[in-house]
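# A structural walkthrough
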Amino acid sequence: PLPLGAPQSRPASLGGMAAESVSVTFHVECTKTKPGDAVFIVGSTPELGAWKVAGAVPCITSRQVFPMWSSEAVTLSAASEKVEFKVIVMAASGDQPDKATWEGGPNRVLHMPKTPSGGGAQLAASCAWGEPEVTYRTKLTGGASVGGGQGKRSSDDKMGRVETGVHFQIDETGDGLGELKPLTSMTRMASRNSALLGSSGSMIKRGSRHMCISSDGLLNAEMSRTPSLMLVDADELAEEVAARSEEMEELERQKLNQMQRRMPSGSLLESMRGIIDTADKNNTVMLQGFNWESWRAGGGDWYSIVQTKIQTMSDMGITDVWLPPPSQSVAPQGYLPSQLFNIDGSKYGDQAALEGLVKAMHESGIRAVADIVVNHRCGDKQDSQGRWNQFTSGMESRPSFAGVMDWGGWAITLGDKFSDGTGQNHPGQFDGKFDAAPDIDHANKKVQESISIWLRWLQLQIGFDAWRFDFVKGYSAEFVGLYCKKSAPAWAVGELWGDMQYDDSGLQHNQDRHRQDAVNWINATDKQSTAFDFTTKGVLQEAVKNCQYWRLKDSNGKPPGLLGWMPKHAVTFIDNHDTGSTQRHWPFPDDKVLVGYAYIITHPGIPSLFWDHVFDWGEHHRNQIKALLRARRESGIPVDAPVKIQCADHDLYLAEIGSPPALRVALGPRHAGEPDRNYWSNGPAGNQFRVWVHKKEEKKEEKSKAVPSPPPAAAPSPKAQVAVSFTPITVDGQQLTPENIKGMNKNDLGKVCAKLEPVVKAAKDVMASK
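## Section: the sheet that holds strand β20 (residues 530–532)
Here we have 8 strands rolled up into a closed barrel, ordered β13-β14-β15-β16-β17-β20-β21-β22, and parallel in their pairing. In this sheet, adjacent strand axes meet at a mean angle of 25 degrees when their direction is disregarded. Its contacts with the sheet put helix α12 (residues 593–602) on β21 (570–573) and β22 (606–610), and the angle it makes with β22 is roughly 150 degrees.

This is the structure in structure tokens:
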């Protein structure tokens, strides 16, 4: 099908005679290609394929100039005043036209030069994917001029300003293409040129390919494809590519921020996915960057306090920081939001401070996770009946967002005490109730669109990368999945906090129903979101508090929480602003917090740390957590590493993680014994926890040829059989007999010795004292 606005035919020019032909070279900035793809130009004339992909004009690029793509010169028959065209991306071979990706928005327009005598012209047209503007460099001959019937311009005449802020001159001398003269304020074009030019303005020559220009000033595509034999410093090139990539991503974010209300949402999302990388869960470690009282700290500028800790976070290996709800709120902690676009109204700091913090985090390679509170929303005005159900967005600086998030009673679920009866839907069958504020109707399409726009604004304006969804039991999981699909976060996590199962003796051992609720919720989001592993928190804190480490093994020999069933979607944690902090609704035992971290950091899942434990409990405490994180990182265990539980008694939990085992952890007051020292090395240890890390195989040094090989060793004499005799005993429920001992290997014998030696020593000490 033809793109938007593509005409079936073109009228003849009415003003002046068109040049008999115009030679046009296209230059496109585009980052939407994948390996094997290329950029193509398709347009309204036969030379540009007449809107048929099979006839599109290909463009090429190189490592030095990417994301700039250039075509060979195309000779157009200027039979009309303008030519329309679009940029598409498809396989470089051109053999899959049905899979071509078209840029969104209206067609671009290329205005053809005019001359009463039919003079010739050359154009170099520059544009960027997703932007409507086209800028030109021109070379006119034979009295031609730009624009139908405008007449000839003198060489020092300047064209009027276009939206990009470019002034340019027309070269009518015939000496070559005129040069663009960008203004200092023209950030986008300056950054585009910086990708092509070095600091001195000359072409960068470190790459293995060059953009070759023929003597006529046009691109020589064949020569440009030919590799050169110049040497490349790979490390230097990698550093430069990384720096350029970060710069280009930030510029792309700024560009999309300005364009987001003028672009179709599909095209916008596609562009956003190019600058927001999906998180690698194998390496993700999150820190909750606040507690319940943080809004009081720093004189209302909590963001500045967090910014001072970025280096420490980076040194610890933290990849993501969960920040507090960013919007103006009736409650100072942020969980009764009202004007969602009003960031200056937050008690944690203003919008400038938040943007500065996020930027600083990005410079250290740390992602920013926004706390998304959309189950409910507080009205900031009353209706005629005195109900607080009139909502305003708080957006005043950008007219293009007018009306977004300006809601009335229609946005509230029917039956809610704040509802005026104009809503569309009742709450879902399983939706939890939140009485403190109006319950938002997420099944309403206008509500969905408003929230999606707001989320994308948080990404493009503020710089957020990922989402933490608050109180997700209050609305259907399918809407969390929808909002993720409409905003393309790096990753997301939901707070599904439900009741665990208890009986007369306390917390039940089997919590399968509790974790099954989490599994069902994750699946209902179409696996767009992970979930906090409340099951693991509940079981783990009960185990360490009451010395009941048998709880850490389910009936199938696996970990008993969500991480035992869906580790890739389980975010494990010890405490947060609700369970701990000053609220302490469900706190982890303070004296066992490090035991808890020893468990979640060494086990599968995505570990999440709490601000208090890292920054408020002292340097020793932080260093212990840092050492555990380093052990996890160096062991290389994946997010879904298998867990082999070797012991889960009342006073000892012992497990090996990974395949082959990469981490070994013991929890509890009982000594776990010493492992095979040929395989394991000591890791972090503390009160009632100990970690071992698998030894890395060292590369063997090549021996010098001058050193003679030693003579072959004599065959070892057979070892004499040791006589073993003792009365059978029972240790940890296992009967030990002389025959059992004889059949054990060194590792098993070491475990037996480790268990019995403390007993024998204690018995001798007591005997000596009598």
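## Considering the side chain of S271
On the secondary structure map, S271 appears in helix α4 (residues 265–273). On the basis of relative accessibility, which here comes to 2%, the residue S271 falls in the buried class. Among all residues touching S271, those that are not within four sequence positions of it are K32, W129, E252, L256 and M263.

## A look at the sheet that holds strand β26 (residues 680–686)
Sheet architecture is open: 5 strands sit in the order β23-β24-β25-β27-β26, paired in antiparallel fashion. Both edges of this open sheet fall to β23 (643–648) and β26, since each of them pairs with a single strand only. In this sheet, neighbouring strand axes are inclined to one another by 15 degrees on average, regardless of whether the strands run parallel or antiparallel. With 5 bridges connecting them, β26 and strand β27 (residues 689–694) associate as antiparallel partners. Bridge pairing links N682 to W692 in β27. α12 contacts β24 (653–657), β25 (663–667) and β27 of the sheet and is inclined by roughly 155 degrees relative to β25. Where helix α14 (residues 619–635) meets the sheet, it contacts β25, β26 and β27, and its direction lies at approximately 155 degrees from that of β26.

## Some remarks on the packing of aromatic side chains
Geometry of an aromatic ring pair is reported as the spacing of the ring centres plus the angle between the planes. Going through the model one piece at a time under the given rule, you end up with 19 aromatic pairs. With a centroid separation of 5.5 Å and an interplanar angle of 35 degrees, the aromatic rings of W322 and F532 are classed as tilted. Of this pair, W322 sits in strand β14 (residues 320–322) while F532 sits in strand β20; the two residues are 210 residues apart in sequence, bridging distant segments of the chain. A relative accessible area of 2% means that W322 is categorised as buried. Looking at F532, the relative accessible area reads 6%, which means it is buried. Three or more aromatic residues link up through ring pairs in this structure, and these residues are F290, W322, Y348, W497, F532, F534, F573 and W586. Stacked on the ring of W407, the Lys or Arg R377 has its end atom at 4.7 Å from the ring centre. Its guanidinium or amino end placed over the ring of W586, K537 lies 5.3 Å from that ring's centre, counting from NZ or CZ.

## Brief notes about the pairing of strand β16 (residues 466–469)
The alternating pattern of β16 places A466 and R468 and W467 and F469 on opposite faces, both of which are buried. Relative to strand β17 (residues 492–494), β16 is paired through 3 bridges, and the arrangement is parallel. Note on β17: the bridge partner recorded for R468 is V493. In this fold, β16 hands off to helix α9 (residues 477–485), which returns the chain to β17; that crossover is right-handed.

Definitions and limits used
Residues numbered from 1 in each chain as written. Predicted model: local features only at pLDDT ≥ 70, side-chain atom pairs only at ≥ 80, totals over all residues. Heavy atoms only, no water. Pairing = 2+ DSSP bridges. Helix = DSSP H or I, 4+ residues; strand = E, 2+ residues; numbered from the N terminus. Axes fitted to C-alpha atoms, helices over the stretch in contact; angles between N-to-C directions. Contact = heavy atoms within 4.5 Å. Buried < 20%, exposed > 50% of the residue type's maximum accessible area, 1.4 Å probe, protein only. Phe/Tyr/Trp six-rings, centres within 6.5 Å; stacked < 30°, edge-to-face > 60°. Lys NZ or Arg CZ within 6 Å of the ring centre and 35° of its normal. Right-handed = clockwise from strand over helix to strand, strands pointing away.

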